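One letter stands for each residue in the lines below.
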Amino acid sequence: DSGVTQTPKHLITATGQRVTLRCSPRSGDLSVYWYQQSLDQGLQFLIQYYNGEERAKGNILERFSAQQFPDLHSELNLSSLELGDSALYFCASSARTGYSTDTQYFGPGTRLTVL
Amino acid sequence: GENVEQHPSTLSVQEGDSAVIKCTYSDSASNYFPWYKQELGKGPQLIIDIRSNVGEKKDQRIAVTLNKTAKHFSLHITETQPEDSAVYFCAAREGGSYIPTFGRGTSLIVHP
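*Asks:* Help me get a handle on the overall build of chain A, residues and values and all.
*Replies:* Tallying secondary structure elements over chain A gives 0 helices and 11 strands in all. When the helices and strands of chain A are listed from N to C terminus, the series reads β-β-β-β-β-β-β-β-β-β-β. Against the compact-globule benchmark of 13 Å for 115 residues, chain A has a radius of gyration of 13 Å, which places it among compact chains. Projecting the C-alpha coordinates of chain A onto the three principal axes gives extents of approximately 40 × 30 × 25 Å. A total of 115 residues make up chain A; the buried ones form 51% of that total. Taking the intrachain contacts of chain A between residues at least 6 apart in sequence as the baseline, contacts between residues at least 24 apart amount to 55%. When the accessible surface of chain A is summed, it comes to about 5,400 Å², and 47% of that surface belongs to carbon and sulfur atoms. Averaged over its 9 positive side-chain charges, chain A has a centre that lies 3 Å from the centre of its 11 negative ones.

Put into structure tokens, the structure is as follows:
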């Protein structure tokens, strides 16, 4: 158990809908990262937050957004969902940011299915 | 940006054999190389990592080697067991980036 929690575990929804994925980092970790994992694209970095502020952005669509709250939990919002958004979404956390050797610890993931 | 190639994509071995997974990276500024194991239905879990100032690191049955000149690093698992069956990901992170670049993964199957 990495100490990172994600809810829900599974999510089934329809095209055009909006969903929110939640992540709680390990106790004391200030950085949260969101990744998308699909069969054809592997593990793709979406966005990182550090202590409430956006720190790095990857291949995140404009339909997706995230935020990190004062208690350090984070939410990833996915809107106008398309079939191609079906994937596993992982949250990871690390203690700090700005240090290239910081270890990232992954949560169990949320499996999103868009029908 | 960084590009990480991982081979093979699938590796099938008999219990007790050794398994080797190889990765190459493109950015010579990369200085941190973690390896993750992902079991079915779970998130990736860090199993070992290596910094660029170290050539080899061992932890029981697993070891990682790094060749900075050739820009490649490898994961070695000895005396494989069925519970080693999983997908393994390598990653590389350059000094100025917070974000590792992951390889595409290797599906390791250990036959009893």
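Following the structure, the description resumes.
*Asks:* So what's going on with the pattern of salt bridges? Residues and values would help.
*Replies:* Residues and elements named next belong to chain B. Applying the stated criterion to the full structure yields 8 salt bridges over all chains. K42 serves as the salt-bridge partner of E39, at 3.5 Å between the closest nitrogen and oxygen. Looking at E39, the relative accessible area reads 31%, which means it is partly exposed. Looking at K42, the relative accessible area reads 47%, which means it is partly exposed. A salt bridge links K57 to D49, with the shortest nitrogen-to-oxygen separation between them at 2.9 Å. Residue K57 is classed as partly exposed on the basis of its relative accessible area of 35%.

*Asks:* Break down the nonpolar core for me, citing the residues and quoting the values.
*Replies:* W35(B), F73(B) and L108(B) are the most contacted members of the largest nonpolar core, which totals 23 residues. Put simply, the parts of the chain that give this core at least two residues each are β2 (10–14), β3 (19–25), β4 (30–38), β5 (45–51), β7 (62–67), β8 (72–77), β9 (86–94) and β11 (106–111) of chain B. Counting residues in hydrophobic clusters, the runner-up holds 20 residues, among them V4(A), A87(A), Y89(A) and V114(A).

*Asks:* Give me the interface of chain A and chain B: which residues, what numbers.
*Replies:* Each partner contributes to the interface: chain A provides 26 residues, whereas chain B provides 22 residues. For the pair chain A and chain B, the summed buried surface comes to about 1,800 Å²; carbon and sulfur atoms form 53% of the total. In this structure, the connection of chain A to chain B is made through 0 salt bridges. Put simply, chain A and chain B have 3 residue pairs in polar contact (both at pLDDT 80 or more) between them. Contributions of two or more residues to the side of chain A that touches chain B are made by β4 (31–38), β5 (42–50) and β6 (53–57) of chain A. Broken down by element, the residue count for the side of chain A that touches chain B peaks at 4 residues, all from β5(A).

Criteria and thresholds
- Residues numbered from 1 in each chain as written.
- Chains lettered and ligands numbered in written order.
- Predicted model: local features only at pLDDT ≥ 70, side-chain atom pairs only at ≥ 80, totals over all residues.
- Heavy atoms only, no water.
- Helix = DSSP H or I, 4+ residues; strand = E, 2+ residues; numbered from the N terminus.
- Rg over C-alpha atoms; globule rule 2.2 N^0.38 Å.
- Buried < 20%, exposed > 50% of the residue type's maximum accessible area, 1.4 Å probe, protein only.
- Contact = heavy atoms within 4.5 Å.
- Areas by Shrake-Rupley, 256 points an atom, 1.4 Å probe, with all protein chains shown as cover.
- Lys, Arg positive; Asp, Glu negative; His and termini not counted.
- Charge placed at Lys NZ, Arg CZ, Asp CG, Glu CD.
- Salt bridge = Lys/Arg side-chain N within 4 Å of Asp/Glu carboxyl O.
- Core = buried A, V, L, I, M, F, W, Y, C linked by side-chain atoms within 4.5 Å.
- Buried area = accessible area lost by both parts, 1.4 Å probe.
- Polar contact = N/O pair within 3.5 Å; in protein donor to acceptor, adjacent residues only side chain to side chain.

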